[in-house]
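Here is how the chains run, residue by residue.
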Amino acid sequence: QILTNAHVVEGADTVQVTLKDGRTLEGKVLGSDSVTDVAVIDLDANSLPTLSVSEAELLPGEVAIAIGNPLGLDNTVTVGIVSATGRTSGQVGIPDKRVSFIQTDAAINPGNSGGPLLNARGEVIGMNTAIISGAQGLGFAIPIDAVQRISDQIVATGKVEHPFIGIQMISLNADVRDSINQNPNSGLTIEADTGVFIAEVVPNSPAAQAGLRTGDVIGQINGESITTGQAVQQAVEANGLDRDLQVSFERNGENRTVSLRPEPLPAQG
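Calculation notes
Residues numbered from 1 in each chain as written. Predicted model: local features only at pLDDT ≥ 70, side-chain atom pairs only at ≥ 80, totals over all residues. Heavy atoms only, no water. Pairing = 2+ DSSP bridges. Helix = DSSP H or I, 4+ residues; strand = E, 2+ residues; numbered from the N terminus. Buried < 20%, exposed > 50% of the residue type's maximum accessible area, 1.4 Å probe, protein only. Phe/Tyr/Trp six-rings, centres within 6.5 Å; stacked < 30°, edge-to-face > 60°. pLDDT = per-residue confidence, 0-100. Salt bridge = Lys/Arg side-chain N within 4 Å of Asp/Glu carboxyl O. Contact = heavy atoms within 4.5 Å. Axes fitted to C-alpha atoms, helices over the stretch in contact; angles between N-to-C directions. Polar contact = N/O pair within 3.5 Å; in protein donor to acceptor, adjacent residues only side chain to side chain.

To continue, consider the pairing of strand β14 (residues 217-221). Pairing analysis gives two bridges linking strand β13 (residues 196-201) to β14, with the strands arranged antiparallel. Pairing of V196 across the sheet is with I218, part of β14. The pairing of β14 with strand β16 (residues 245-251) spans four bridges and is classified as antiparallel. Bridging across to β16, I221 finds its partner in V247. Pairing between β14 and strand β15 (residues 224-225): two bridges, direction antiparallel. Bridge assignment links Q220 to a residue of β15, and that residue is S225.

Structure (structure tokens):
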């Protein structure tokens, strides 16, 4: 089995895989997940070369080594450092993804997608997946633990189901609160200056069925304090589909809690 990006195999059921020893094999796409951009290819072959996976905590400043096929230049190796961890999909410019990215200044170009990002010991720390067009030294990789978690689900079931509660949200601060309160068309008065403001609730979603409304400010999920939209997304993902999610929020200065059961994220049309 080979791990790669979903966008690399998009629209394909089978792909050609060329190995470093010159063999070309037909691979079957077992499944892919566009939400995290991870896919798994199955090969009818034995004794394929493998890489060890790092289990150590990843810290900014560590050496980062990228290997890939950028712009058709096969077996290209670039070296840099881990510039940051935990970059949100919004910061990277692909807000539809549910991933916290590793940022590296090791050169990443079109054709690196799906290739490994390694540490100084040659262990995999991530899967190279994105760049910011026009920038230099801004490459992004999916952390390998997320890649493994998603790929395990693909191998087991051929798909990945992400929990969905059905809200659009804004991370709240004093400036955002004042902007909402001063907008005569909002019809809202917000007292909190931290938490996550619900800007919209999707009709018939778990959030709507539980009674959450536009203007509610989420402060806790499952008893853990929440201050950003990314934290809400991570909490929902961690909760999964098989148990209820406890959402504590403020409405008109009153603290409330509701219980809701996430549903699978609707297919993106």
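The next point concerns unusual backbone geometry. One non-glycine residue, N75, lies in the positive phi region at around 60°. Along the polypeptide, N75 turns up in the loop between β5 (63-68) and β6 (76-87). Note on N75: relative accessible area 48%, which makes it partly exposed.

Applying the stated criterion to the full structure yields one aromatic pair. Relative to F140, the ring of F101 has its centre 6.5 Å away and its plane inclined at 75°; by these criteria the two rings are edge-to-face. Here the residue F101 occupies a position in strand β7 (residues 101-104), and F140 occupies one in strand β10 (residues 139-143), the gap between them amounting to 39 residues. The two residues F101 and F140 agree in class, both being buried.

Okay, the confidence of the model for the protein chain next. Mean pLDDT for the protein chain: 92, with 99% of residues reaching 70 or above. The secondary structure element of the protein chain with the lowest average pLDDT is helix α1 (residues 89-92), at 86, and the one with the highest is strand β8 (residues 116-118), at 97.

Below, the discussion takes up the pattern of salt bridges. If you walk through the whole model with that rule in mind, you get ten salt bridges. The shortest N-O distance in the salt bridge between K159 and E161 comes to 3.6 Å. Judged by its relative accessible area of 40%, E161 is partly exposed. Across the pair R261 and D244 runs a salt bridge, and its minimum N-O distance is 2.7 Å. Linking R261 in the loop between β17 (254-260) and β18 (263-264) with D244 in the loop between α5 (229-239) and β16, this pair joins segments that are 17 residues apart in sequence. For D244, a relative accessible area of 34% corresponds to the partly exposed category.

Its place among the elements puts T88 in the loop between β6 and α1. Once residues within four sequence positions are removed from consideration, T88 is found in contact with V99, F101 and Q230.

One closed barrel holds the six strands; their spatial order is β5-β6-β7-β10-β9-β8, and the pairing between them is antiparallel. Strand-to-strand twist across the sheet, computed as the mean angle between neighbouring axes with direction ignored, equals 45°. Those strands touched by helix α2 (residues 144-157) are β9 (124-131) and β10, and its axis lies near 50° from that of β10.

Within the secondary structure, T78 is located in strand β6. In this structure the side chain of T78 is engaged in a polar contact, spanning 2.9 Å, whose partner is the backbone oxygen of A107. Look past the residues within four positions of T78 in its chain and what remains in contact with it is A64, I65, A66, A106 and A107.

This paragraph deals with the environment of T227. Mapped onto the elements of the fold, T227 is located in the loop between β15 and α5. Residue classification places T227 among the partly exposed positions, given a relative accessible area of 46%. As for T227 and G27, which are separated by 200 residues in sequence, their C-alpha atoms are 44 Å apart. Excluding its chain neighbours within four sequence positions, the residues that come into contact with T227 are S171, G195 and V196.

Further remarks concern the sheet that holds strand β2 (residues 14-18). The four strands lie next to each other as β1-β4-β3-β2, forming an open sheet whose pairing is antiparallel. Where the open sheet ends on each side, the last strands, each with one partner, are β1 (2-4) and β2. Ignoring strand direction, the axes of neighbouring strands in this sheet form an average angle of 40°. Across three bridges, the pairing between β1 and strand β4 (residues 38-43) is antiparallel. Looking at the pairing, I2 lines up with I41 of β4. Where α2 meets the sheet, its contacts fall on β1, β3 (24-33) and β4, and the angle it forms with β4 comes to roughly 55°.

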